[in-house]
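Examination of the molecular architecture
Now for the letters of each chain:
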Amino acid sequence: MQRRWMMLGAVMTMLAVAIGAFGAHMLKDTIGPAAIATYETGVQYHMIHALALLIIGLTAGQLGASTKLKWAARLLFIGIIVFSGSLYVLSISGIKILGAITPIGGVAFIAGWLLLALDVWQRGKDRS
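Here's a quick rundown of the structure.

Reading the values: rules and limits
- Residues numbered from 1 in each chain as written.
- Predicted model: local features only at pLDDT ≥ 70, side-chain atom pairs only at ≥ 80, totals over all residues.
- Heavy atoms only, no water.
- Patch = residues over 30% accessible without salt bridge, like charges linked within 9 Å, V, L, I, M, F, W, Y side chains within 5 Å.
- Areas by Shrake-Rupley, 256 points an atom, 1.4 Å probe, with all protein chains shown as cover.
- Salt bridge = Lys/Arg side-chain N within 4 Å of Asp/Glu carboxyl O.
- Helix = DSSP H or I, 4+ residues; strand = E, 2+ residues; numbered from the N terminus.
- Phe/Tyr/Trp six-rings, centres within 6.5 Å; stacked < 30°, edge-to-face > 60°.
- Buried < 20%, exposed > 50% of the residue type's maximum accessible area, 1.4 Å probe, protein only.
- Core = buried A, V, L, I, M, F, W, Y, C linked by side-chain atoms within 4.5 Å.
- Contact = heavy atoms within 4.5 Å.
- Axes fitted to C-alpha atoms, helices over the stretch in contact; angles between N-to-C directions.
- Parallel < 35°, antiparallel > 145°, perpendicular 65-115°, else oblique.
- Left-handed = near helix turned anticlockwise from the far one by under 90°.
- Nonpolar A, V, L, I, M, F, W, Y, C, P; charged D, E, K, R; others polar.

**Some words on a nonpolar patch on the surface**
A surface patch of nonpolar side chains, amounting to about 330 Å² of accessible area, comprises Met 7, Val 11, Met 14 and Leu 15. Locating Met 7 in the fold gives a position in helix α1 (residues 2–27).

Next up, the structure:
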């Protein structure tokens, strides 16, 4: 579990940098300021949650794998795809209906962070 999520976290972090650079250099003059702000929000959440995948990998290395950690990682990954992905496509295409699925990714982020917190708290409690 540790290697898988650290590798995926590293790849997702690399993609966040590449997608951010694409937006900064290729889209700035193509789409309007509001669309750029939406795109940048997608990049910001993408990067934060890609780094969180690395944290989950490190946590699994320190504490061992668990069902909660696996689901936390899965939900954060799904959140990146749904939340950030929908913002990327929305900002480039202007298809407003995509804004309706963005909150699903946000809920995945929240659930992933909650599972990570519960897992670490429960394991700390078990060691006390």
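Continuing now.
**Remarks on the packing of aromatic side chains**
Tallying each qualifying case throughout the model produces four aromatic pairs. When the ring of Tyr 45 is compared with that of Phe 109, the centres are 6.2 Å apart and the planes differ by 20°; the resulting orientation is stacked. One end of the pair, Tyr 45, is in helix α2 (residues 33–63); the other, Phe 109, is in helix α4 (residues 102–127), and 64 residues separate them in sequence. Residue Phe 109 is classed as buried on the basis of its relative accessible area, which comes to 4%. Joined through ring pairs, the aromatic side chains of Tyr 45, Phe 83 and Phe 109 make up one cluster.

**Regarding the nonpolar core**
In this structure, Met 12, Leu 53, Ile 56, Leu 76 and Ile 80 are the most contacted members of the largest nonpolar core, which totals 19 residues. For this core, the secondary-structure elements that each account for two or more residues are α1, α2, α3 (67–93) and α4. Looking at this core, the element that brings in the most residues is α3, giving eight residues. Once residues within four sequence positions are removed from consideration, Ile 56 is found in contact with Met 1, Leu 69, Ala 72, Ala 73, Leu 76 and Leu 116.

**Remarks on the packing of α1 against α2**
At a minimum axis distance of 8 Å, the contact between α1 and α2 shows a crossing angle of 165°. The angle between α1 and α2 places the two elements in the roughly antiparallel class. Like other packed secondary-structure pairs, α1 and α2 cross with a definite hand, here left-handed. Of the residues that constitute the contact of α1 with α2, the class distribution is 21 nonpolar, eight polar and no charged.

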